[in-house]
Amino acid sequence: VSPPLIEIPRRYNAAHDLIARNLQAGRADKPAFIDDNGSYTYADVARRSARFANALGKLGVLPEQRVLMCVHDTIDFPTVFLGAIRAGVVPIAVNTLLTQGDYEYMLTDSGARVAVVSGALLPLFTPLLGKVPTLERIIVAGGRGDDSLAALLTYASDDFSTVETSADAPCFWLYSSGSTGAPKGTVHVHASLIQTAELYARPILGIEESDVVFSAAKLFFAYGLGNGLTFPMAVGATAVLMAERPTPDAVFARLRKHKPTIFYGVPTLYASMLASPDLPTREEIPLRRCASAGEALPEEIGKRWARHFGTDILDGIGSTEMLHIFLSNRLGDVRYGTTGKPVPGYDVRLVDEDGKPVAPGEAGELHIAGPSSAAYYWNNREKTRNTFLGGWTRSGDKYHQDADDYYVYAGRSDDMLKVSGIYVSPIEVESALIGHEAVLEAAVVGKEDDDKLIKPIAYIVLKPGIDATPELAAELKAHVKGCLAPYKYPRWFEFVAELPKTATGKIQRFKLRARSA
Ligand code: 3SK
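Keep in mind the model is a prediction, meaning the values are calculated, not measured.

**A short note on the packing of aromatic side chains**
For the structure on display, the rule yields 16 aromatic pairs. Ring geometry for Y200 versus F231: centroids 5.9 Å apart, planes at 50°, classification tilted. Taken together, the residues Y200 in helix α7 (residues 190-205) and F231 in helix α8 (residues 222-235) connect sequence positions 31 residues apart. For the pair shown, Y200 and F231 are each scored as buried. Site record: aromatic cluster; members linked through ring pairs are F214, F263, Y270, W305 and F309. Against the face of W492 rests K447, its NZ or CZ located 5.3 Å from the ring centre. Between the NZ or CZ atom of K481 and the centre of the ring of Y489, over which it lies, the distance is 4.3 Å.

This is the structure we're talking about:
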């Protein structure tokens, strides 16, 4: 395992660094964030975060205690996230699309005393006050009343001396969901945010001070947090925030209005954008970099995007546990259909079920070692031990290397299908299906046939205006048989309106498996 490439001082506060570096560089008056209501300079971010840090003190929240934040992408997100970190308090940014039961679990598990919640989500949280014993107060982001974040900020002082923290101290958490079991509070330390910016954003993405960035992936997701907060702040760029759901139309409106130079999305979004008649022309938007993660980017989508915009999509993979992307394509070296090569500063290995390195070309589980790895899972020794192995972190993703050493995604370690005694990668079958002109999205899982033998079943989302017919199913079957080894074709086809996905765009195969059982 390589030594870290970037040294971080022992006494280090991540939020202080991200703010102070911009003020010291003379960027106080430069827009740091633009949301649907306005534009906020680096000085505004410094002031707002200082006010929130002071407000937490007034509420009696102490360093190392937790604040849960369920906040849409507006200026309130950086205010709360950075303000808490400056106060030595640990923010837990959670997915805004979950159920009341999920939030109850996270509040109970984390013991957060305060929750900051976007107004629209308040009905899910109010019943938890009194039910979750540790929860004392809910602050409403976006509102105007006595309980609002706006009121708290109005009455707090701008003067705040950041609490001294250690580079290795818990800084923030994100909840990571597996295919089974309760979500895990993933504890990240102060040094990790800047490591992801220095290892991935600067050298691989090539982000610069002059960039305007827009991430369709939300800030509560590790991918979005780096894209829309850490990376622009690390270099003094400007980030566009969007509270709305990232539909193609919502994204197009921001692209046209703010003209970002860097865009970050997930493959499903790229595919829907390309399928839309309202896709902006390359002349309308000065895009110079695009990134994708969350699921493997189909080759065809990457190529069509690059042809349309004249800019490649840099497909990569990261994880909540590693905080951001550790394997990626890079500028001038994009091989669509692969996730590229390791980001310098990270080591990767492919291992078999016994933890032994696989033979060249064979698929194995991807393990990663690098300086942005989470410290542990809160309250979960067993899963911590199972995931964090010495310096290595298990990803649960299967990869193989092609003849030129590019990494090719082969599904989750538990997704591979054994059909007639031979492994079939559902991803490979999906890519073949997506290559058919009628198919927008496809997901393949295993289903038992009459003999209780596993065979592939395909769930298909068709492009708008195309009818689901038995003839089309037969055509798709023939298409896959024509592209892949004959045993790999799906034995059944189900046409669906949409695929079940996590907030980050990953297909929830376990739901499809349950549906096909
Ligand atoms: O899903 C991913 O590929 C990803 C990328 C960056 C950060 C976090 C995640 C989960």
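The rest of the description comes next.
**Re the site of the ligand**
In the vicinity of the ligand there are 13 residues, among which F221, Y223, G294, G318 and K506 approach most closely. The contact in question runs from an oxygen atom of the ligand to an N or O atom on the backbone of G294, over 3.0 Å. K506 places a side-chain nitrogen or oxygen 3.1 Å from an oxygen atom of the ligand. Contact with the protein chains removes 98% of the 280 Å² of surface that the ligand exposes when unbound.

**Side note on helix α4 (residues 100-110)**
Looking only at α4, the buried set comprises Y103, M106, L107, D109 and S110. All buried residues of α4 lie within an arc of 170° about the axis, which places them on one face of the element. The inward-facing, buried residues of α4 abut β3 (66-70), β4 (90-93), β5 (114-118), α5 (122-125), β7 (170-176) and β8 (184-189). Where α4 terminates, the next one or two residues include G111, which has phi positive at roughly 70°.

**A word on the packing of helix α3 (residues 76-86) against α8**
Where α3 contacts α8, the axes come no closer than 12 Å and their chain directions differ by 70°. Regarding the angle of α3 to α8, the classification is roughly perpendicular. As for the relative orientation of α3 and α8, their crossing is right-handed in sense. Contacts from F77, P78, F81 and L82 of α3 reach α8 at L225, L229 and M233. Its residues assigned to classes, the contact of α3 with α8 shows seven nonpolar, no polar and no charged.

**Some words on the pairing of strand β6 (residues 137-141)**
Within β6, four of the five residues are buried, which leaves it mostly tucked inside the rest of the structure. By the bridge criterion, five bridges tie β5 to β6 in an arrangement that is parallel. Note that in β6 the partner of A115 across the bridge is I138.

**Re the sheet that holds strand β24 (residues 439-448)**
Here we have three strands laid out as an open sheet, ordered β24-β25-β26, and mixed in their pairing. The open sheet has two edge strands, β24 and β26 (492-495), and neither has a second partner. Going from strand to strand, the sheet's axes swing by 25° on average, the running direction of each strand aside. Relative to strand β25 (residues 454-462), β24 runs antiparallel, the two being bridged by nine bridges. Paired with K447 across the bridge in β25 is K455. Each of β24, β25 and β26 is contacted by helix α13 (residues 426-434), which is oriented at about 145° to β24, the strand it contacts most.

**A short note on the pattern of salt bridges**
Counted according to the given criterion, the structure contains 25 salt bridges. Of the charged contacts, one joins R256 and E284 as a salt bridge, the two residues approaching to 2.7 Å between their closest N and O atoms. Of the two residues, R256 is situated in helix α9 (residues 248-258) and E284 in the loop between α10 (267-275) and β12 (289-292); the sequence distance between them amounts to 28 residues. Given a relative accessible area of 27%, R256 falls into the partly exposed group. Residues R335 and D402 are paired through a salt bridge, measuring 3.1 Å at the closest nitrogen-oxygen approach. Taken together, the positions of R335 in the loop between β14 (325-328) and β15 (341-342) and D402 in the loop between β20 (392-401) and β21 (407-412) put the pair 67 residues apart, joining distant regions of the chain. Within this structure, D17, R21, E198 and R202 form a network of salt bridges that share partners.

**A word on the confidence of the model for the protein chain**
For the protein chain, per-residue confidence averages 93 on the pLDDT scale, and residues scoring 70 or more make up 97% of the total. Of the two predicted TM-score estimates for the complex, the pTM is 0.86 and the ipTM is 0.98.

**Regarding the state of the cysteines**
Evaluation of the coordinates by the stated rule reveals zero disulfides. C70 forms no disulfide, and the closest cysteine sulfur to it belongs to C171, at a distance of 19 Å. Classification of C70 as buried rests on a relative accessible area of 0%.

**Brief notes about the side chain of N54**
The topology assignment puts N54 in helix α2 (residues 42-58). N54 gets classed as buried once you look at its relative accessible area, which sits at 19%. Among all residues touching N54, those that are not within four sequence positions of it are A156, S157, D159 and F160.

**Here's the deal with the packing of helix α1 (residues 14-24) against α8**
At a minimum axis separation of 8 Å, α1 and α8 run at an interaxial angle of 35°. Viewed along their axes, α1 and α8 form a crossing whose handedness is left-handed. Mapping the contact onto sequence places L18, I19, R21 and N22 in α1 and L229, T230, M233, A234 and V235 in α8. For the contact of α1 with α8, a count of residues per class yields six nonpolar, two polar and one charged.

What counts and how
- Residues numbered from 1 in each chain as written.
- Predicted model: local features only at pLDDT ≥ 70, side-chain atom pairs only at ≥ 80, totals over all residues.
- Heavy atoms only, no water.
- Phe/Tyr/Trp six-rings, centres within 6.5 Å; stacked < 30°, edge-to-face > 60°.
- Helix = DSSP H or I, 4+ residues; strand = E, 2+ residues; numbered from the N terminus.
- Buried < 20%, exposed > 50% of the residue type's maximum accessible area, 1.4 Å probe, protein only.
- Lys NZ or Arg CZ within 6 Å of the ring centre and 35° of its normal.
- Near = heavy atom within 4 Å.
- Polar contact = N/O pair within 3.5 Å; in protein donor to acceptor, adjacent residues only side chain to side chain.
- Areas by Shrake-Rupley, 256 points an atom, 1.4 Å probe, with all protein chains shown as cover.
- Arc of directions from axis to C-beta.
- Contact = heavy atoms within 4.5 Å.
- Axes fitted to C-alpha atoms, helices over the stretch in contact; angles between N-to-C directions.
- Parallel < 35°, antiparallel > 145°, perpendicular 65-115°, else oblique.
- Left-handed = near helix turned anticlockwise from the far one by under 90°.
- Nonpolar A, V, L, I, M, F, W, Y, C, P; charged D, E, K, R; others polar.
- Pairing = 2+ DSSP bridges.
- Salt bridge = Lys/Arg side-chain N within 4 Å of Asp/Glu carboxyl O.
- pLDDT = per-residue confidence, 0-100.
- Disulfide = S-S within 2.5 Å.

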